[in-house]
Amino acid sequence: MERIIGINMNLSIIAISRSGHNFLKENIKAWLPNSVIYDLENLFGCPDTDAAILLKTDFNIILLRDYLNNIASMCFLNINYENCLISWKNLVFESFKKTNRIGKKIIVFYEDFKDNEDYRKNICNQICGNYNELKLNYVPNCNGNFSSFDKNKYKNNGTKMNTNSRWKQILNTKNKKLFIDIIKSNKNNINLYLKYFNVSNEKQQFINKIFG
């Protein structure tokens, strides 16, 4: 059966704050311009969340960003983080088959999506999109916030943003203490991060130092 490219779709993107979900959404809109995309930020921040809204979508895309970088971006903007941390944990459970609350799901890792063309093409193929890179360098403005660290400095040249090193950048800001306090007070999330993500030796050493 011939695959139909660019058909109308209803999709949801399920992620936490400052995870790159607006960047993902803009690229998917470029691939499927006539589709409806529900941006479900922090939907799973409470254990009794009703997931019925997901039943009307053709695909549910879970977006996961590196935990340290994600937390750093939230801390830099002083975002209310409690629901974010719960939602991140629940989305990790869902992504790695510890729970099964979300049907028709596709798991996307932000770093791979941003850095790897073949990875993006694979995601595009799964949702029957028409691949292009029209929005690859576009930094979306969400409620007045572009990049947490860079603001709108690179709004049309996103590849110049060093989003993979936010966890190191925040250590040189006034938000360092908040960042470290959140990490220390949520060891269960750190354990999930170390178990399921490709954590570099440098990050592992940083985590070991925090927990002594």
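Residues numbered from 1 in each chain as written. Predicted model: local features only at pLDDT ≥ 70, side-chain atom pairs only at ≥ 80, totals over all residues. Heavy atoms only, no water.

For the chain, the count of helices and strands is 9 helices and 4 strands. What you see in the chain, going N to C, is helices and strands ordered as β-α-β-β-α-α-β-α-α-α-α-α-α. Looking at the chain as a whole, 50% of its 212 residues qualify as buried. Partitioning the contacts of the chain with sequence separation of at least 6, the portion at a separation of at least 24 is 73%. Within the structure as shown, the chain displays about 10900 Å² of accessible surface, and the carbon and sulfur contribution to it stands at 46%. (Helix = DSSP H or I, 4+ residues; strand = E, 2+ residues; numbered from the N terminus. Buried < 20%, exposed > 50% of the residue type's maximum accessible area, 1.4 Å probe, protein only. Contact = heavy atoms within 4.5 Å. Areas by Shrake-Rupley, 256 points an atom, 1.4 Å probe, with all protein chains shown as cover.)

Looking now at the confidence of the model for the chain. Looking at the chain as a whole, the pLDDT averages 85, with 81% of positions reaching at least 70. Ignoring residues within four places in sequence, the model shows residues 146-151, a span with pLDDT below 50, making 25 contacts including any to other chains. (pLDDT = per-residue confidence, 0-100.)

Next up on the list: the nonpolar core. Generally speaking, soluble globular proteins have nonpolar side chains that are buried together. Formed by 34 residues in total, the largest nonpolar core has its most connected members in Leu68, Trp88, Phe179 and Tyr193. Going through the elements one at a time, β3 (59-64), α2 (67-76), α3 (82-95), α7 (176-185), α8 (187-196) and α9 (201-211) are the ones with two or more residues in this core. The dominant element in this core, judged by the number of residues it contributes, is α2, at 6 residues. Filtering out sequence-adjacent residues up to four positions away, Phe179 remains in contact with Leu68, Ile71, Ala72, Cys75, Trp167, Ile170, Leu171 and Phe206. (Core = buried A, V, L, I, M, F, W, Y, C linked by side-chain atoms within 4.5 Å.)

A few words now on the layout of surface pockets. Taken as a whole, the second largest pocket encloses approximately 310 Å³ of empty space. If you trace the second largest pocket, you find 14 residues lining it, with Asp66, Glu111, Asp112, Phe197 and Asn198 closest to the centre. Those elements that place two or more of their residues in the lining of the second largest pocket are α4 (110-115) and α8. The greatest single-element share of the lining of the second largest pocket, amounting to 3 residues, is contributed by α4. In the lining of the second largest pocket, the residues fall into 5 nonpolar, 3 polar and 6 charged. (1 Å grid on protein atoms, 1.4 Å probe; cavity = no way out; pocket = protein on both sides within 12 Å on 5 of 7 lines; lining within 4 Å. Points joined across faces, edges and corners; volume = space filled by probe spheres on them. Nonpolar A, V, L, I, M, F, W, Y, C, P; charged D, E, K, R; others polar.)

Checked against the element boundaries, Asp112 lands in helix α4. Its relative accessible area of 36% is what places Asp112 among the partly exposed residues. With 47 residues separating them in the primary sequence, Asp112 and Arg65 have C-alpha atoms 9.3 Å apart.

Of note, Lys97 is a non-glycine position whose phi angle comes to about 65°, a positive value. Looking at the element boundaries, Lys97 is found in the loop between α3 and β4 (105-109). The phi dihedral of Lys104 falls on the positive side, at around 50°, and the residue is not glycine. One can find Lys104 in the loop between α3 and β4.

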